[in-house]
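# Observations on chain architecture
Here is what each chain is made of, one letter per residue.
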Number of protein chains: 2
Amino acid sequence: MKEVRTIVLSKSVFEENDKEADALRLFLKDKGVFLVNVMSSPGAGKTTTLIALINKLSKFLRVGIMEADIDSDVDAIKVAKETGCKSIQLHTGGMCHLDAGMTTQGLMELGLEDLDLVFLENVGNLVCPAEYDTGAHLDMMILSVPEGDDKPLKYPLIFQKCELVLINKIDTLPYFNFSMENVRRNISYRNKNATVIPISAKKGDGIDDVVEFFKRKTNK
Amino acid sequence: MKEVRTIVLSKSVFEENDKEADALRLFLKDKGVFLVNVMSSPGAGKTTTLIALINKLSKFLRVGIMEADIDSDVDAIKVAKETGCKSIQLHTGGMCHLDAGMTTQGLMELGLEDLDLVFLENVGNLVCPAEYDTGAHLDMMILSVPEGDDKPLKYPLIFQKCELVLINKIDTLPYFNFSMENVRRNISYRNKNATVIPISAKKGDGIDDVVEFFKRKTNK
């Protein structure tokens, strides 16, 4: 297993986050790197999903990952161990979200050479991360079955912002009062253009559909 | 069913939230009202737990509830309908947490007459709500089994701050890789004095233990 580095992020020195995010997006495009911002509640399965996804995507794309957490290095170590991909841990110093400046610091430490696609695993939170443009080319989120099919009604912004919504833990559908029809309607109410893919990261269901989505997005 | 009022909260005008929180706590003590701040991830079961709890607690205490949400009134309507208790919806206007000023606005609208205990259901978020003292006499949180037993490692502050931690959805333990022993150890690592009570709000398991906890806390 490779060593996993941890860097402590300082607050962005730039006030105008949106401009900085646009600049980062252009810079990455020029470098041929596609950046994906991954958001969800705590425990929705971001890390497990990314491991399952990266293990399949790596056949087509060179993938790197940045794991943001308030504290703890468990995710970066786990992903590096289980996928072998280039991985770095970001500590947000108590911050509940990442902005474009923090994302840039992370990318500079990760290094962009030999990468086609970078996942940024944001802090587990359905509110604040959605308010800050990280400079990603694509915002995606994971909603898990145990959280309930009403979440798009309660957390509007994140659903408005995400082009891709994965519904995770579908293997637990028999044990929860969760309707795929309701959740699709509630997501569509917030964002008509969102792509919704049901998955079970644990069992592997639906991961191939997500792989196809990213192959299309990156033209590979 | 009674009508449920919705009020839109404005940002607190006081900069010094901690002082305002202390003042609110004293004011409420003088009025004989015990305020409980309830925090969790989205979908951990705050509303379902509070309904089950209030239906039993109401035999001993006069209970009111404030439901904070970024958007949507579904929780306040549901609680009022299923418990008959005094209920109000707070809209945070996109804010990811409540501070003492917002809590005060809510309490003034709710009215404190004839109440012994008020639950404040905070915005679903494990990060920001823990950073702001609401003026409550007790901070509690709900962690649900599907979220995972590692959450105290990843979200330190909320576990440090909460005197009571309910582990919800224990009826789903067979379907998740969640160890009660691990979660108790991880909680204790953040806060040795936390009371941990396993419950299933849906099935009713453990609710009587939570009722006893609040009877002790309020000397009823």
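Analysis parameters
Residues numbered from 1 in each chain as written. Chains lettered and ligands numbered in written order. Predicted model: local features only at pLDDT ≥ 70, side-chain atom pairs only at ≥ 80, totals over all residues. Heavy atoms only, no water. Axes fitted to C-alpha atoms, helices over the stretch in contact; angles between N-to-C directions. Helix = DSSP H or I, 4+ residues; strand = E, 2+ residues; numbered from the N terminus. Parallel < 35°, antiparallel > 145°, perpendicular 65-115°, else oblique. Left-handed = near helix turned anticlockwise from the far one by under 90°. Contact = heavy atoms within 4.5 Å. Nonpolar A, V, L, I, M, F, W, Y, C, P; charged D, E, K, R; others polar. Least-squares fit on C-alpha atoms with pLDDT ≥ 70 in both. Buried < 20%, exposed > 50% of the residue type's maximum accessible area, 1.4 Å probe, protein only. Arc of directions from axis to C-beta. Polar contact = N/O pair within 3.5 Å; in protein donor to acceptor, adjacent residues only side chain to side chain. Right-handed = clockwise from strand over helix to strand, strands pointing away. Buried area = accessible area lost by both parts, 1.4 Å probe. Salt bridge = Lys/Arg side-chain N within 4 Å of Asp/Glu carboxyl O.

On to the packing of helix H2 (residues 46-57) of chain A against helix H8 (residues 207-217) of chain A, then. Residues and elements named next belong to chain A. Closest axis-to-axis distance for the H2/H8 pair is 10 Å, and the angle between their directions is 60°. The orientation of H2 with respect to H8, classified from their angle, is oblique. Crossing of H2 against H8: the hand is right-handed. In contact with Ala52, Leu53, Lys56 and Leu57 of H2, H8 contributes Ile207, Asp208, Val210, Val211 and Phe214. Per-class residue counts for the contact of H2 with H8 are 7 nonpolar, no polar and 2 charged.

Here we come to the relation of the copies chain A and chain B. Mapping chain A onto chain B leaves a residual RMSD of 0.0 Å; the transformation is a rotation of 180° accompanied by 0.0 Å of translation along its axis. Here the symmetry operator amounts to a two-fold rotation axis. Among all residues of chain A, the one whose C-alpha sits closest to the rotation axis is Asn125 of chain A, at a distance of 2.9 Å. Most of the interface of chain A is mirrored in chain B, where 100% of its interface residues again form contacts.

The subject of this paragraph is helix H7 (residues 180-190) of chain A. Residue and element names in this part refer to chain A. Regarding H7, the residues found buried are Val183, Asn186, Ile187 and Arg190. Burial along H7 is one-sided: seen end-on, the buried residues are contained in an arc of 100°. Residues of H7 that are exposed and point over 90 degrees away from its buried face: Glu181 and Tyr189. On the buried face of H7, the contacting elements are strand S6 (138-144), helix H5 (151-154), helix H6 (156-161), strand S7 (164-168) and strand S8 (195-198). Taking the backbone nitrogen of Glu181 as reference, a side-chain oxygen 3.3 Å away marks Ser179 as the first, capping residue of H7.

Strand S4 (residues 86-91) of chain B sits mainly inside the fold: 5 of its 6 residues count as buried. At this point the chain moves from strand S3 (residues 63-69) of chain B, through helix H3 (residues 74-83) of chain B, to the parallel S4 of chain B, and the crossover so formed is right-handed.

With that out of the way, let us pick up the interface of chain A and chain B. It is common to give the size of an interface as the accessible area lost on bringing the parts into contact. In this assembly, 32 residues from chain A lie in contact with 32 residues from chain B. Between chain A and chain B, a total of about 2,400 Å² is buried, with carbon and sulfur atoms accounting for 59% of that surface. The largest share of the area that chain A buries against chain B comes from Pro42, Lys154 and Tyr175 of chain A, three residues that together contribute 24% of it. For the pair chain A and chain B, the number of links is 2 salt bridges. Summed over the shared surface of chain A and chain B, the result is 9 residue pairs in polar contact (both at pLDDT 80 or more). Of all the elements in the fold, those that place two or more residues in the side of chain A that touches chain B are helix H3 (74-83) and H5 of chain A. Of the residues forming the side of chain A that touches chain B, the biggest block, 3 residues, is contributed by H5 of chain A. Each residue belonging to the side of chain A that touches chain B can be placed in one class, and the counts come to 14 nonpolar, 8 polar and 10 charged.

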